[in-house]
Amino acid sequence: MANLRKLQEGIVNSQIWKSIFRVGIPNTNRKRVLAVLGSLILHLHPVKVRRSGVRMSYTWCMGGTSFFLFLVETVTGLLLMFYYRPTIEYAYPDIMDLREQAPFGIMREMHRWGAHAMVIAVWLHMFRVFMTGSYKPPREFNWNVGVILLVLTLLLSFTGYLLPWDQLSIWAVTVGSNMGRATPVLGHEGPGHELIPGLNNVYDARAFLFGGGEIGPHTLLRFYILHCIFIPLIASLFMAVHFWRIRRDGFSGPAL
Ligand code: HEM
């Protein structure tokens, strides 16, 4: 029992725990009121905003630009869904028609260029955060949320790349996904693959991503659903946490 308590204290007093949970359990009415005030009301309506939080020369507005581009991608992507059909029969001709025939075909170009711009903006934002030392306490938790957002942004680009179903996208995604074979433990050619019995070409991390052994119609459908539903939903969730935490950490600026 004493050991368990010691372990619990060790966890609760560790830097990782404290970076996620700032205050202890609100076990009195006063603490409860303060928790609601701090996390909800003052979060939505802060009594003051730090000058550095809105200064372009400090933030470069790259976080805001990344979010704006995410919204552009959401709106243009939704419009593209009216035309595009994720089957090997129609995917490529639908993309061609979007370029040549469909009204608002420009949406496809906006979606593509917006995706490139978003990747660049997210990298620049991360560079700015690094250069201003904003990864240090108390923002280390938000830095980690940011790393997940970076991975999700790259996954959005990766899954979207296959959708035109042309030679470039098929082979680029084949090369990228082949790395899945070499995933530690989960890939059948990766280090430690022997830890999971029965891994092979049609049953490992790469096959899970592809929806089977080789790239095919199932891969196209899988990437389409990941691209249009799963990854954007998960990214929105992490963005909400990211934005909430920026305010809880006292807006962008040197550590207080
Ligand atoms: C989809 C991607 C992302 C979006 C939409 C986003 C959005 C934002 C916004 C709007 C801000 C506040 C204004 C600003 O500092 O520009 C911010 C701050 C911050 N972001 Fe991101 N971000 C993203 C990715 C990342 C990444 C990849 C990292 C780092 C790995 C990161 C770490 C941080 C940190 C630590 C802050 C607080 C900065 C400070 O207080 O000075 N974010 N983010």
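In this text the structure is predicted, and so the values were computed from the model without any measurement.

Asks: Would you take a moment to explain unusual backbone geometry for this structure?
Replies: Negative phi values dominate among residues other than glycine, just as trans dominates among peptide bonds. Following P137, the chain continues to P138 via a peptide bond in cis, the omega torsion being 10°. Looking at where P138 falls in the secondary structure, it is placed in the loop between α7 (106-131) and α8 (140-162). For F251, which is not a glycine, the phi torsion comes out positive at approximately 65°. Locating F251 in the fold gives a position in the segment after α11 (217-248).

Asks: Which parts of the structure should I look at to understand the coordination of the iron atom of the ligand?
Replies: Octahedral metals with six donors have ideal donor angles of 90 or 180 degrees. Tetrahedral metals with four donors have an ideal donor angle of 109.5 degrees. At 2.1 Å from the iron atom of the ligand lie its protein donor atoms, namely H125 (NE2) and H242 (NE2). Taken together, the six donor atoms surrounding the iron atom of the ligand define angles of 86 to 179° at the centre, an arrangement classified as octahedral. Here H125 is found in helix α7, whereas its partner H242 is found in helix α11, with 117 residues between them in sequence. In this structure H242 comes out as buried when scored by relative accessible area, which is 11%.

Asks: Explain the site of the ligand here, please?
Replies: Contacts to the ligand come from 27 residues, most closely from H125, R128, S134, R139 and H242. In this structure, a nitrogen atom belonging to the ligand sits 2.8 Å away from a side-chain N or O atom of H125. Separating an oxygen atom of the ligand from a side-chain N or O atom of S252 is a distance of 3.1 Å. Secondary-structure elements contributing two or more residues to the shell around the ligand are α4 (56-59), α5 (62-80), α7, α8 and α11. The residue inventory of the shell around the ligand, partitioned by class, reads 14 nonpolar, 11 polar and two charged.

Asks: What is the right way to read the nonpolar core from this model?
Replies: Nonpolar side chains in soluble globular proteins tend to be buried together. Grouped together as the largest cluster of nonpolar side chains are 15 residues, with contacts concentrated most on Y84, L162, L163, W165 and L220. Mapped by element, the contributors of at least two residues to this core are α6 (91-100), α9 (167-178) and α11. Among residues more than four places away in sequence, those in contact with L220 are Y84, P86, T87, I88, A91, L162, L163 and W165. Grouped together as the second largest cluster of nonpolar side chains are 13 residues, A121, L149, L152 and I231 included.

Thresholds, definitions, all that
Per-chain numbering applies: the sequence of each chain, read as written, is numbered from 1 onward. Two thresholds apply to this predicted model, a pLDDT of at least 70 for residue-level local features and 80 or more for giving and counting side-chain atom pairs, whereas whole-chain, interface and lining totals are computed over all residues. Think of the side-chain values as coming from all heavy atoms in the structure, minus any hydrogens and water. Helix and strand definitions follow DSSP, with helices as H or I runs of at least four residues and strands as E runs of at least two, each counted in order from the N terminus. Listed donor atoms are N, O and S within 2.8 Å of the metal (Na, K and Ca: 3.2 Å). As water is not included, a site may look incomplete. Every angle between 85 and 135 degrees makes a four-donor site tetrahedral, while opposite donors more than 155 degrees apart, with all other angles between 65 and 115, make a four-donor site square planar and a six-donor site octahedral; other sites are irregular. Relative accessibility under 20% of the residue-type maximum defines a buried residue, over 50% an exposed one, and the middle range a partly exposed one, all with a 1.4 Å probe and only protein chains included. Consider each residue's heavy atoms; a residue with any of them within 4 Å of a molecule or strand counts as near. Pairing of N or O atoms within 3.5 Å defines a polar contact, subject to two protein rules: one partner must be a possible hydrogen donor and the other a possible acceptor, and residues neighboring in sequence count only if both atoms are side-chain atoms. Residues are grouped as follows: nonpolar covers Ala, Val, Leu, Ile, Met, Phe, Trp, Tyr, Cys and Pro; charged covers Asp, Glu, Lys and Arg; every other residue, Gly included, is treated as polar. Side-chain atoms within 4.5 Å link the members of a nonpolar core, which is a set of buried Ala, Val, Leu, Ile, Met, Phe, Trp, Tyr and Cys residues. Residues count as neighbours in contact if any of their non-hydrogen atoms are within 4.5 Å of one another.

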